[in-house]
Amino acid sequence: MLMMNDSAIYLRSLLVGDCFILKDIIGVYIIHNNNISTNLSSDFIIKNLDEKVWVKETSLKTNRINNVNVWMFEQTLLTLKYYILGNTIHIKDLWNVFLWINRNIKKYKFIIYNRVIKWLILSKFN
């Protein structure tokens, strides 16, 4: 794995085994002003998205995710929304993210661009 985070671990696990819903609480997150997730770089987000691309490509080989291209589009949107609305974005970081979208998301990139711009505007006025 290129990076460690919960979603990458869960997604990789689902590709090799079955899952079930556990009713017990097994973890707790504490959200505060000093969380690492409020000061993420574009490199961190791009590595996160690259992990999801790996999951997508592996799923295409194993057929473990239905509608994997739609799944990838939705995962990209969720990751970018989390990044943009929860962080201070610099133009260089935004440019790096747009370059990643151009390389990896062909079909839905204009929808993603429109959402990214909307979230940027919302993050400045909230």
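Bear in mind the structure is a predicted one, so any value in this text is a computation, not a measurement.

Parameters and conventions
Residues numbered from 1 in each chain as written. Predicted model: local features only at pLDDT ≥ 70, side-chain atom pairs only at ≥ 80, totals over all residues. Heavy atoms only, no water. Patch = residues over 30% accessible without salt bridge, like charges linked within 9 Å, V, L, I, M, F, W, Y side chains within 5 Å. Areas by Shrake-Rupley, 256 points an atom, 1.4 Å probe, with all protein chains shown as cover. Salt bridge = Lys/Arg side-chain N within 4 Å of Asp/Glu carboxyl O. Helix = DSSP H or I, 4+ residues; strand = E, 2+ residues; numbered from the N terminus. Expected span 1.5 Å × (residues − 1). Buried < 20%, exposed > 50% of the residue type's maximum accessible area, 1.4 Å probe, protein only. Arc of directions from axis to C-beta. Axes fitted to C-alpha atoms, helices over the stretch in contact; angles between N-to-C directions. Parallel < 35°, antiparallel > 145°, perpendicular 65-115°, else oblique. Left-handed = near helix turned anticlockwise from the far one by under 90°. Contact = heavy atoms within 4.5 Å.

Caption draft 1: Highlighting a nonpolar patch on the surface. Together, Phe20, Leu22 and Ile26 give the surface a local cluster of nonpolar side chains, amounting to about 390 Å² of exposed area. Here Ile26 shows up in the loop between α1 (6-16) and α2 (42-62).

Caption draft 2: Molecular detail of α2. The end-to-end C-alpha distance of α2, which contains 21 residues, comes to 30 Å, matching closely the 30 Å that a straight helix rising 1.5 Å per residue would cover. Those residues of α2 lying buried are Ser42, Ile45, Ile46, Asn48, Leu49, Glu51, Lys52, Val53, Val55, Lys56, Thr58 and Ser59. Positive phi shows up at Asn63, right after α2, with a value of about 60°.

Caption draft 3: Examining helix α4 (residues 91-104) more closely. Taking 1.5 Å of rise per residue, 14 residues should cover 20 Å, and α4 covers 20 Å from first to last C-alpha, within 8% of that figure. The complete set of buried residues in α4 reads Asp93, Leu94, Val97, Phe98, Trp100 and Ile101. The buried side chains of α4 occupy one side of the element, clustering within an arc of 155° when seen end-on. In this structure, α4 carries Ile91, Lys92, Trp95 and Arg103 as exposed residues pointing more than 90 degrees from its buried face.

Caption draft 4: Quick peek at the packing of α2 against helix α3 (residues 68-86). Packing of α2 against α3 leaves a shortest axis separation of 10 Å and a crossing angle of 165°. If you check the angle between α2 and α3, you find them roughly antiparallel. Crossing handedness for the pair α2 and α3: right-handed. Along the contact surface, α2 presents Ser42, Ile45, Asn48, Leu49, Lys52, Val53, Val55, Lys56, Ser59 and Leu60, while α3 presents Val68, Asn69, Trp71, Met72, Gln75, Thr76, Thr79, Leu80 and Tyr83.

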